[in-house]
Amino acid sequence: MSSTAHLTWFARHEFRLAWREWLAMMTGGRRRRNRALIGLLVFAAILHLPAYAVVARYVDLRFPLDPSSLIVLTATIFLSWALMLSQAIESVTRVFSPAPISI
Amino acid sequence: MTSQLSALALRGLTKRFDRPAVDALDLTIRVGEFYALLGPNGAGKTTTLRMVAGLLRPDAGSVSILGIDALADPVAAKQIMAWVSDEPMIYDKLTPLEYLEFVAGLWGIDPRTSEQSARNLLISLGLEPHLNERCEGFSKGMRQKVALAGALVHDPRLIILDEPLTGLDALSARHVKGLLQERVRTGCTVIMTTHILEVAERMADRIGVIASGRLIAEGTLAELRERNGRNDTTLEDMFIALVDTEAAAA
């Protein structure tokens, strides 16, 4: 596997884990996951309405974006990526390296 | 099956925590041997195996795995060995097949070839009915078997197991023992720590007893009995006598 293919493969693995963890957390591990998932999506969509009502009056995003908006967007994406990376490293460490102090 | 090349050679291996955990240990295990490493709690078995597996750096000494200096070239050494901890650490949200495919991917094995060998490994460990169930609902024994299968997926030549049979029911233990014996028949070397002395007595070609980080006895069961002076002694009796003698001398 090339390094790009390897990265894609690893990202797919991490995405699958993240998706399953998230789904289990959101549905409380219940069996009727589809119903719970649809309910969650509807709930999230509805939440956008009050969020839009509050935020829209302060934000006036137009393309092309100005530098400060770009910085905020980039920082948000970078922080999300860093969080995902730390989660991935933590889960790999948990799986492959148990505590080193047992004799 | 034996050969001149040793599967594992430890020379002067030393590790200290607040006290010496492994004390200038010399140990040679031949290719194709089933070797049982016994010792009381805190004797240094796990620390020794963790240093061999590259999970702990020794304070002194050398580790040679099939002729490869594991301290100088740990990647090459890890490619030909497997480490199975007593605490099975697997991804709860993956099925056994998915977990093995992931591990095979880490080793860079082609998914087309790894899928079949992963399936065969899991079936040989009695996990066929659970191939597509997530590991989160598995018992400790089932998790231990998945971890073992994951360790074997890259076809290692040296297999190191730390208490692999603890917590397994009779059928699961039989599956694991059968798989290990099959690997030994194909020329692999197995090193196993265990507190179940009957297993060591029945399965091991040679037995090493470690106490206070030092090897205090080693040999086949017959050799250990000969040294003990009685042919009808069980391994348990010999083990307790050895450990008591060592404790009295310390």
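On a predicted model such as this, the values are computed, not experimentally measured, just so you know.

Parameters at a glance
- Residues numbered from 1 in each chain as written.
- Chains lettered and ligands numbered in written order.
- Predicted model: local features only at pLDDT ≥ 70, side-chain atom pairs only at ≥ 80, totals over all residues.
- Heavy atoms only, no water.
- Helix = DSSP H or I, 4+ residues; strand = E, 2+ residues; numbered from the N terminus.
- Buried < 20%, exposed > 50% of the residue type's maximum accessible area, 1.4 Å probe, protein only.
- Areas by Shrake-Rupley, 256 points an atom, 1.4 Å probe, with all protein chains shown as cover.
- Axes fitted to C-alpha atoms, helices over the stretch in contact; angles between N-to-C directions.
- Parallel < 35°, antiparallel > 145°, perpendicular 65-115°, else oblique.
- Left-handed = near helix turned anticlockwise from the far one by under 90°.
- Contact = heavy atoms within 4.5 Å.
- Nonpolar A, V, L, I, M, F, W, Y, C, P; charged D, E, K, R; others polar.
- Phe/Tyr/Trp six-rings, centres within 6.5 Å; stacked < 30°, edge-to-face > 60°.
- Pairing = 2+ DSSP bridges.
- pLDDT = per-residue confidence, 0-100.
- Core = buried A, V, L, I, M, F, W, Y, C linked by side-chain atoms within 4.5 Å.
- Expected span 1.5 Å × (residues − 1).
- Arc of directions from axis to C-beta.
- Salt bridge = Lys/Arg side-chain N within 4 Å of Asp/Glu carboxyl O.

**Q** How should I be thinking about the overall build of chain A in this particular structure?
**A** On a plain count of helices and strands, chain A comes out with 3 helices and 0 strands. Listed by position from the N terminus, the elements making up chain A come as α-α-α. Within chain A, buried positions represent 16% of all 103 residues. Only carbon and sulfur atoms are counted for the fraction: they give 71% of the accessible area of chain A, which is about 8500 Å².

**Q** Help me understand the packing of helix 3 (residues 96–106) of chain B against helix 4 (residues 111–124) of chain B, please; the structure alone is not making it clear to me.
**A** A pair of packed helices can be characterised by two numbers: the angle between their axes and the separation between those axes. All names here are of chain B. Two numbers describe how helix 3 lies on helix 4: the axes approach to 9 Å, and their chain directions differ by 130 degrees. One way to sum up the angle between helix 3 and helix 4 is to call them oblique. Helix 3 and helix 4 meet at a crossing whose hand is right-handed. The residues of helix 4 that touch helix 3, namely those facing Pro-96, Leu-97, Leu-100, Glu-101 and Ala-104, are Ser-114, Glu-115, Ala-118, Arg-119, Leu-121 and Leu-122. Classifying every residue of the contact of helix 3 with helix 4 by side-chain character gives 7 nonpolar, 1 polar and 3 charged.

**Q** How should I be thinking about the packing of aromatic side chains in this particular structure?
**A** To describe a pair of aromatic rings, one takes the distance between the centres and the angle between the planes. Throughout the structure, instances matching the rule amount to 7 aromatic pairs over all chains. A ring pair is formed by Trp9(A) and Phe102(B), whose centres lie 5.4 Å apart and whose planes are at 15 degrees; its orientation type is stacked. Residue Trp9(A) is found in helix 1 (residues 3–27), and its partner Phe102(B) is found in helix 3; the two belong to separate chains. With a centroid separation of 6.0 Å and 35 degrees between ring planes, the pair formed by Phe78(A) and Trp81(A) is classed as tilted. Placement of both Phe78(A) and Trp81(A) in helix 3 (residues 67–96) is noted, with a separation of 3 residues, approximately one turn of the helix. Following the ring pairs from residue to residue traces out a cluster consisting of Trp9(A), Phe10(A), Tyr91(B), Tyr99(B) and Phe102(B).

**Q** It is not clear to me how the pairing of strand 6 (residues 81–84) of chain B should be interpreted in this structure. Could you clarify?
**A** Looking along a regular strand, one sees the side chains alternate between the two faces of the sheet. All names here are of chain B. Burial of strand 6 is two-sided: the residues Met-81 and Trp-83 facing one way and the residues Ala-82 and Val-84 facing the other way are all buried. Alignment of strand 6 against strand 7 (residues 158–162), held across 4 bridges, turns out to be parallel. The residue bridging Ala-82 from the neighbouring strand is Ile-159, located in strand 7.

**Q** Even after reading the chapter, I still don't get the sheet that holds strand 10 (residues 214–219) of chain B, so can you show me in this structure?
**A** Strand-to-strand pairing in sheets goes through backbone hydrogen bonds, with the strands running parallel or antiparallel. All names here are of chain B. Strands sit in the order 6-7-8-3-9-10 across an open sheet of 6 strands; the sheet is mixed. Of all strands in the sheet, those with a lone pairing partner are strand 6 and strand 10, marking the two edges. The sheet shows a mean angle of 15 degrees between the axes of neighbouring strands, direction not considered. Pairing of strand 3 (residues 34–38) with strand 9 (residues 206–211) involves 4 bridges; the strand directions are parallel. Residue pairing for strand 9: Leu-38 is matched across the bridge by Val-209. Taken strand by strand, helix 8 (residues 221–228) contacts strand 9 and strand 10, and its axis lies near 105 degrees from that of strand 10.

**Q** Explanation requested: the confidence of the model for chain A in the structure shown.
**A** The predicted coordinates of low-pLDDT regions are not to be read in fine detail. Here chain A averages 78 in pLDDT, and 82% of its residues register 70 or above. Under a pLDDT of 50 for its full length, residues 98–103 of chain A has, in the predicted model, 18 contacts with residues more than four places off or in other chains.

**Q** Help me understand the nonpolar core, please; the structure alone is not making it clear to me.
**A** Generally speaking, a soluble globular protein has its nonpolar side chains buried in company with each other. Ranked by size, the top nonpolar core spans 58 residues in total, and within it Leu100(B), Leu148(B), Leu180(B), Ile207(B) and Leu235(B) carry the most contacts. Here the element with the most residues in this core is helix 5 (residues 140–152) of chain B; it accounts for 7 residues.

**Q** Before we go on, may I ask you to explain the sheet that holds strand 2 (residues 20–30) of chain B in this structure?
**A** Residues and elements named next belong to chain B. Pairing in this open sheet of 4 strands is antiparallel, and the strands run 2-1-4-5 from one edge to the other. Unpaired on one side and paired on the other, strand 2 and strand 5 (68–69) mark the two borders of the sheet. Across 2 bridges, strand 4 (residues 60–65) lies against strand 5 in antiparallel orientation. The residue of strand 5 that forms the bridge with Ser-64 is Asp-69.

**Q** Would you mind going over helix 4 of chain B with me for this structure?
**A** In an α-helix, one turn spans 3.6 residues, which is why side chains three or four residues apart end up on the same side. Residue and element names in this part refer to chain B. Its 14 residues give helix 4 an end-to-end C-alpha distance of 20 Å, which sits within 8% of 20 Å, the value for a rise of 1.5 Å per residue. Residues of helix 4 that are buried: Ser-114, Ala-118, Leu-121 and Leu-122. Buried residues of helix 4, seen end-on, are gathered within an arc of 90 degrees and therefore sit on one face of the element. Those residues of helix 4 that are buried are in contact with helix 3, helix 5 and helix 6 (170–185). Immediately downstream of helix 4, the backbone of Gly-126 shows phi near 75 degrees, a positive value.

**Q** How should I be thinking about the pairing of strand 3 of chain B in this particular structure?
**A** Residues and elements named next belong to chain B. Judged by how many residues are buried, strand 3 sits mostly within the fold: 5 of 5 residues are covered. Residues Phe-34, Ala-36 and Leu-38 line one face of strand 3 and the alternating positions Tyr-35 and Leu-37 line the opposite face, and both faces are buried. When strand 3 meets strand 8 (residues 189–193), the two strands line up parallel, connected through 4 bridges. Its bridge partner lying in strand 8, Ala-36 is registered against Met-192.

**Q** Even after reading the chapter, I still don't get the pattern of salt bridges, so can you show me in this structure?
**A** All names here are of chain B. Scanning the entire structure with this criterion turns up 12 salt bridges over all chains. Residues Glu-218 and Arg-206 are paired through a salt bridge, measuring 3.6 Å at the closest nitrogen-oxygen approach. With a gap of 12 residues between them, Glu-218 in strand 10 and Arg-206 in strand 9 connect regions that are remote in the sequence. Note on Glu-218: relative accessible area 21%, which makes it partly exposed.

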